[in-house]
Amino acid sequence: QAKKHGKDRFEVFEPAMQEAFQEHIALEADLRRAVVRHEFELRYQPIVHLHTGEITGVEALIRWMHPDKGIVPPMDFIPLAEETGMIVPIGEWVLREATARVAQWNARREGPPLTVSVNISAVQLEQAALVHVVDSALKSAGLAPDRLVLELTESLLVDHRAATLERLGALKALGLRLAIDDFGTGYSSLAYLRRFPVDIIKIDKSFVDDVVDEPTAAALTHGIIQLGRALELSTIAEGIEHAGQLTSLAGGNCELGQGYYFAEPLTGAAISDLLFP
Ligand code: C2E
Ligand code: MG
Ligand code: MG
Ligand code: MG
């Protein structure tokens, strides 16, 4: 009886697993083709000064323009790109493309030059070549290093090998700034602030979501902002969708923010229209 049950379970599971496996293989082949054929585009989400409403920079966010599936969001292929190492060439392309584009805007712009924030995966940080790649991207783009922000997630910083710390130091020595993305969602956010040479805290959207309706979220959010201030770090609130959230964050003296309330991630052409009407 037990054996029969086991066999039934096997039969129930196998087709689904088989399908998932084949899908995974197909996606991997697709992604390899995408890297060769350059099927990626960047969107740029404005980062604004919460008190003046001025755009101070943009975050570059990748999209895969899949020939059959349409636009594939990063969450659906970045993990696979990390597993297979394809994130290394993809990430290099993102760095080069984003720095070049923002340098072009800055050359035309009258106001203060924009910053560009680029998300960096743990796999990229493992590469000794990353420092050279970033330096080379900045130089070919003609972008001042202090206009570049590299966004690192807390999960990435869980790995606190000496090499990681050394690499972050070498990146900072180029003159760029480091941000902790999705701050507050990791296991030991506060410890990272002591250990890593961070310049910017990005308050995770999950705090911003509830900042108006939930006293606990509000207290934590305002606490993070004050912590940033005490450590002389800039704070950026992520995922602002409503005026009420803006009021609460600006009232708490959060310096910068981004979210659908201001603008969604936009194509380069749409950002150009916004900057040069
Ligand atoms: P992230 O760096 O935390 O980026 C913020 C995400 O929140 C983006 O999703 C953005 O479109 C979304 N967002 C911004 N404002 C709002 C809002 O008001 N409401 C809501 N609901 N969402 C908002 P996206 O573009 O899908 O990117 C997801 C994640 O994928 C990013 O999270 C980042 O971790 C990763 N990612 C994106 N581009 C790259 C890349 O070039 N390289 C690497 N390694 N990761 C990337
Ligand atoms: Mg980010
Ligand atoms: Mg984030
Ligand atoms: Mg995120």
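Higher on the page you've got the structure.
As the structure is a computational prediction, the values presented were derived from the model and not from experiment.

Thresholds, definitions, all that
Residues numbered from 1 in each chain as written. Chains lettered and ligands numbered in written order. Predicted model: local features only at pLDDT ≥ 70, side-chain atom pairs only at ≥ 80, totals over all residues. Heavy atoms only, no water. Salt bridge = Lys/Arg side-chain N within 4 Å of Asp/Glu carboxyl O. Helix = DSSP H or I, 4+ residues; strand = E, 2+ residues; numbered from the N terminus. Buried < 20%, exposed > 50% of the residue type's maximum accessible area, 1.4 Å probe, protein only. Polar contact = N/O pair within 3.5 Å; in protein donor to acceptor, adjacent residues only side chain to side chain. Core = buried A, V, L, I, M, F, W, Y, C linked by side-chain atoms within 4.5 Å. Donors = N, O, S within 2.8 Å, 3.2 Å for Na, K, Ca; no water.

Bringing the pattern of salt bridges into the picture now. Evaluation of the coordinates by the stated rule reveals 12 salt bridges. Of the charged contacts in the structure, one is a salt bridge between Arg 96 and Glu 92, with a shortest N-O distance of 3.1 Å. Here Glu 92 and Arg 96 lie together in helix 3 (residues 87–108), a separation of four residues that amounts to about one turn. The partly exposed category is assigned to Glu 92, whose relative accessible area is 28%. Among the salt bridges present, the one from Lys 205 reaches Asp 209, with a minimum N-O distance of 2.9 Å. Separated by four residues within a single helix, Lys 205 and Asp 209 lie in helix 9 (residues 205–209), roughly one turn from each other.

A word on the side chain of Glu 59. The residue Glu 59 is located in strand 2 (residues 55–66) in this model. According to the relative accessible area criterion, Glu 59 is buried, its value standing at 4%. Within polar-contact distance, the side chain of Glu 59 engages the side chain of Lys 202 at 2.9 Å. Separated by 3.0 Å, the side chains of Glu 59 and Gln 258 make a polar contact.

Turning next to the nonpolar core. Within the largest apolar cluster, 69 residues are counted, with the highest numbers of intra-cluster contacts made by Leu 31, Leu 95, Val 118, Val 134, Leu 148, Leu 150 and Leu 171. Membership of the second largest hydrophobic core comes to six residues, among which are Val 149, Ile 200, Ile 236 and Leu 256.

Those donors, Asp 181 (OD), Asp 182 (OD), Glu 238 (OE) and Glu 238 (OE), are the protein atoms that reach the magnesium ion (ligand 3), and they lie 2.1 to 2.4 Å from it. A gap of 4.2 Å separates the magnesium ion (ligand 3) and the magnesium ion (ligand 2), which Asp 181 links by coordinating each metal. With Asp 182 in strand 6 (residues 177–183) and Glu 238 in the loop between strand 8 (234–237) and helix 11 (243–251), the pair connects residues that are 56 residues apart, well separated along the chain. In this structure Asp 182 comes out as partly exposed when scored by relative accessible area, which is 26%. Residue class for Glu 238 comes out buried when judged on its relative accessible area of 11%.

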